[in-house]
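These are the residues of each chain, in order.
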Amino acid sequence: MKRYVSFLAAFVVLLCLILPHSAEANANKPYHFGFKKSRNHELPSIQEEGFRSIVQKHDAIFLGDTKQKELYLTFDNGYENGYTSRILDVLKEKQVPAIFFVTGHYIQDQPELLKRMVQEGHLIGNHSWSHPDLTQVSDQKLKEELDRVKTKVAELTSQKEMPYLRPPRGVFSERMLAASKGYGYTNVFWSIAYEDWDPKLQRGWAYAYESIMSQLHPGAVILLHSVSKDNAEALAKIIDDARKQGYEFKSLDQLQTKNY
């Protein structure tokens, strides 16, 4: 009996040593955001990606109200490739709101475009200062990355608050989501995307148009990269034809219902 008690006590001690490390490892496990694409206006899915519960737990955005034909345009602006002004021209002409997720490089390189974004009613989101893998930095370093972007945008524009974050390359962990939420951020992922981030792999406006339109669904959060010539050329027709299908473009601040 004494041997059994001693063994049990040793086992409990071992569990106490192992479990915290196991929990920490799980919290730091990196994920790369992905999803099953929409087809024929059906909803996309993250049911099989292994991170749905984590994204939902920390109130990140994947889908808006899937019962409403609403769309949210989001752009990633890591650097300028000459097309953002044209994109802003189209958004202004069509009276469509968007959010632009910017890096420190973009802020330093394109202050006038940042000012224009805010002046024309768009939101600026946080894409981190130096575009690191945010799962590999400490909570303190994460805060510094985000604070620098928020502070510089506030110095340049009238936007003083910055509640939205898009982690670089869509790489995240539960720890990173929890920490950034604690700093006041909502992480914004997406439910429509295609390979548009490489300026050397542009395939024409029709390809961009079809890539987006074939995935349209209620509550969609659309990810586009502003470095894409194809996106700049296709955007007006995407907006016009989405509206013909009964869709309405909304600002991310208007997103009231989250779905997963």
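So, here's what we can say about the structure.

How each quantity is defined
- Residues numbered from 1 in each chain as written.
- Predicted model: local features only at pLDDT ≥ 70, side-chain atom pairs only at ≥ 80, totals over all residues.
- Heavy atoms only, no water.
- Buried < 20%, exposed > 50% of the residue type's maximum accessible area, 1.4 Å probe, protein only.
- Helix = DSSP H or I, 4+ residues; strand = E, 2+ residues; numbered from the N terminus.
- Pairing = 2+ DSSP bridges.
- Right-handed = clockwise from strand over helix to strand, strands pointing away.
- Salt bridge = Lys/Arg side-chain N within 4 Å of Asp/Glu carboxyl O.

### Focus: the pairing of strand 3 (residues 98-102)
Thinking step 1. Buried residues dominate strand 3, accounting for five of its five residues.
Thinking step 2. Sheet analysis places strand 2 (residues 70-77) next to strand 3, joined by five bridges and oriented parallel. For D76, the partnering residue across the bridge sits in strand 3 and is F101.
Thinking step 3. Each parallel crossover has a hand, and for strand 2 linked through helix 3 (residues 84-94) to strand 3 it is right-handed.
Thinking step 4. Here strand 3 runs beside strand 4 (residues 123-126); their pairing, made up of four bridges, is parallel. From the neighbouring strand, F101 faces strand 4, where its bridge partner is G125.

### Focus on the pattern of salt bridges
Thinking step 1. Considering all chains together, one arrives at 17 salt bridges under this definition.
Thinking step 2. For E70, the salt bridge identified is with K250, shortest N-O distance 3.3 Å. In this pair, E70 sits in strand 2 while K250 sits in the segment after strand 9 (248-249), placing the two residues 180 residues apart along the sequence.
Thinking step 3. Residue E70 is classed as buried on the basis of its relative accessible area of 5%.
Thinking step 4. Here E120 makes a salt bridge to R116, at a shortest N to O gap of 2.8 Å.
Thinking step 5. Classification of R116 by relative accessible area gives buried; the value is 19%.
Thinking step 6. One salt-bridge network, held together by shared partners, links D89, R116 and E120.

### Here we look at unusual backbone geometry
Thinking step 1. At N40, a position not held by glycine, the phi torsion is positive, near 55°.
Thinking step 2. Inspection of the secondary structure puts N40 in the loop between strand 1 (31-32) and helix 2 (52-57).
Thinking step 3. Given the relative accessible area of 68%, N40 is considered exposed.
Thinking step 4. We note that Q95 has phi near 55°; this positive angle belongs to a residue other than glycine.

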